[in-house]
Amino acid sequence: SQTIHQWPATLVQPVGSPLSLECTVEGTSNPNLYWYRQAAGRGLQLLFYSVGIGQISSEVPQNLSASRPQDRQFILSSKKLLLSDSGFYLCAWTWPDLETQYFGPGTRLLVL
Amino acid sequence: AQSVTQLDSHVSVSEGTPVLLRCNYSSSYSPSLFWYVQHPNKGLQLLLKYTSAATLVKGINGFEAEFKKSETSFHLTKPSAHMSDAAEYFCVVRGGGGKLIFGQGTELSVKP
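Notes on the structure follow.

The rules we used
- Residues numbered from 1 in each chain as written.
- Chains lettered and ligands numbered in written order.
- Predicted model: local features only at pLDDT ≥ 70, side-chain atom pairs only at ≥ 80, totals over all residues.
- Heavy atoms only, no water.
- Helix = DSSP H or I, 4+ residues; strand = E, 2+ residues; numbered from the N terminus.
- Rg over C-alpha atoms; globule rule 2.2 N^0.38 Å.
- Buried < 20%, exposed > 50% of the residue type's maximum accessible area, 1.4 Å probe, protein only.
- Contact = heavy atoms within 4.5 Å.
- Areas by Shrake-Rupley, 256 points an atom, 1.4 Å probe, with all protein chains shown as cover.
- 1 Å grid on protein atoms, 1.4 Å probe; cavity = no way out; pocket = protein on both sides within 12 Å on 5 of 7 lines; lining within 4 Å.
- Points joined across faces, edges and corners; volume = space filled by probe spheres on them.
- Nonpolar A, V, L, I, M, F, W, Y, C, P; charged D, E, K, R; others polar.
- Patch = residues over 30% accessible without salt bridge, like charges linked within 9 Å, V, L, I, M, F, W, Y side chains within 5 Å.
- Salt bridge = Lys/Arg side-chain N within 4 Å of Asp/Glu carboxyl O.
- Pairing = 2+ DSSP bridges.
- Axes fitted to C-alpha atoms, helices over the stretch in contact; angles between N-to-C directions.

1. Examining the overall build of chain A
Part 1 of the reasoning: Within chain A one finds zero helices and 11 strands.
Part 2 of the reasoning: In sequence order, the secondary structure elements of chain A are arranged as β-β-β-β-β-β-β-β-β-β-β.
Part 3 of the reasoning: Its C-alpha atoms give chain A a radius of gyration of 13 Å, near enough to 13 Å, the size a compact globule of 112 residues would have.
Part 4 of the reasoning: In terms of overall dimensions, chain A has a C-alpha envelope of 40 × 25 × 20 Å along the principal axes.
Part 5 of the reasoning: Every one of the 112 residues in chain A was classed for burial, and the buried ones make up 48%.
Part 6 of the reasoning: Partitioning the contacts of chain A with sequence separation of at least 6, the portion at a separation of at least 24 is 55%.
Part 7 of the reasoning: Carbon and sulfur atoms make up 55% of the accessible area of chain A, which totals about 5,200 Å².

2. Some thoughts on the layout of surface pockets
Part 1 of the reasoning: Put simply, the largest pocket is a space of about 320 Å³.
Part 2 of the reasoning: A:Gln38, B:Gln38, B:Pro40, B:Asn41 and B:Glu88 are, among the 20 residues lining the largest pocket, the residues nearest its centre.
Part 3 of the reasoning: When contributions to the lining of the largest pocket are tallied by element, the ones reaching two or more residues are β10 (87-94) and β12 (106-111) of chain B.
Part 4 of the reasoning: Sort the elements by how many residues they give to the lining of the largest pocket and β12(B) lands first, with four residues.
Part 5 of the reasoning: Taken together, the residues of the lining of the largest pocket break down into nine nonpolar, six polar and five charged.
Part 6 of the reasoning: Approximately 180 Å³ is the volume attributed to the second largest pocket.
Part 7 of the reasoning: In terms of lining, the second largest pocket is formed by A:Arg37, A:Ala39, A:Arg42, A:Gly43, A:Leu44, A:Gln45, A:Ser84, B:Phe102, B:Gly103 and B:Gln104.
Part 8 of the reasoning: Residue composition of the lining of the second largest pocket, grouped by class: three nonpolar, five polar and two charged.

3. Some remarks on a nonpolar patch on the surface
Part 1 of the reasoning: On the surface, a nonpolar cluster with roughly 280 Å² of combined accessible area is contributed by A:Val12, A:Leu110 and A:Leu112.
Part 2 of the reasoning: What makes A:Leu112 exposed here is its relative accessible area of 58%.

4. Some points on the pattern of salt bridges
Part 1 of the reasoning: In this structure the tally under the stated criterion is six salt bridges over all chains.
Part 2 of the reasoning: Of the charged contacts, one joins A:Arg68 and A:Asp71 as a salt bridge, the two residues approaching to 3.3 Å between their closest N and O atoms.
Part 3 of the reasoning: Owing to a relative accessible area of 3%, A:Arg68 belongs among the buried residues under this scheme.
Part 4 of the reasoning: The partner of B:Glu64 in a salt bridge is B:Lys58, and the shortest N-O contact between them spans 2.8 Å.

5. Some points on the side chain of A:Asp85
All names here are of chain A.
Part 1 of the reasoning: Note on placement: Asp-85 falls in the loop between β8 (73-78) and β9 (87-94).
Part 2 of the reasoning: According to the relative accessible area criterion, Asp-85 is buried, its value standing at 3%.
Part 3 of the reasoning: Beyond its immediate chain neighbours, meaning those up to four positions away, Asp-85 contacts Arg-37, Asn-63, Leu-64, Lys-80, Leu-109 and Val-111.

6. Let's talk about the sheet that holds β8(A)
All names here are of chain A.
Part 1 of the reasoning: With antiparallel pairing, the four strands of this open sheet are ordered in space as β1-β3-β8-β7. Each edge of the open sheet is held by one strand with a lone partner, namely β1 (3-7) and β7 (65-70). This sheet shows a mean twist of 20° between the axes of neighbouring strands, independent of strand direction.
Part 2 of the reasoning: As judged from the six bridges shared by strand β3 (residues 19-26) and β8, these two strands associate in the antiparallel manner. Looking at the pairing, Leu-19 lines up with Ser-78 of β8.

That's the geometry; what it means functionally is another story.
Listed below in C-alpha cells is the structure:
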C-alpha cells in the first residue's frame, strides 16, 4: 500500500531563516505531487504541483520554491522566511487516475 | 471554472442527532466532487468521492453525500453524530490538471 510522509511535524523558525520541508511517498511510481498551505481558520491553498522529476508548477507568487529531485520526493523551500509563511503545510499525491489526492500528516510551521 | 461554496462555517449538533453539511458547486462540465475530513493538527482524510457514477455516495464512518445536478449541491450527511466526528470538513471539486479546489471548510462540533 501507499504511504506518504512529511517531516518535520512541527517547526519554529525565526524570520529571515531558510526553510526545507520534505515529503516522500512510498509504494507508488511517478505520482503527481502537491504542496498546499493552510492558514489558520482558512481552506487549503495550492502552492506547487509536480508531474515528474524536475517538473514544478507554481500556482501563486510567493516567498517559497519547490523541487522534485527524485520520483517520490518533493521538497518545499525558502531562502528567507517571512511571518506570513506561518501555517500548516500539507503534501499530497495522486496516481493513476488523477482523481483522488491522498494527504500527508502535515507540517506545522511557526515563523517568529 | 470550477468552485465550491460551503454554506456554513460552523455546525453544532448533539451526539446521536443527524448531521448535514452543505456544499454547492459550480462547474462547466460534469464534476468530480469529494469530501475530506481534517481532525485537529492532522492531515486530510478522504471521506467519499463522486465521479459520475451513482448519485448517492457512501463513505467511511457512516457518512454519505448526494449529488444533485439540478441544485448543484453535494451535501454531506450522517444519520447519527458521534463525538469523534468533531472535525473540519472540506468540500472539494476537481479542477483542470488534477488540481483540487477546496471550499473554506465547515467546522463540526458535537455536543454530548
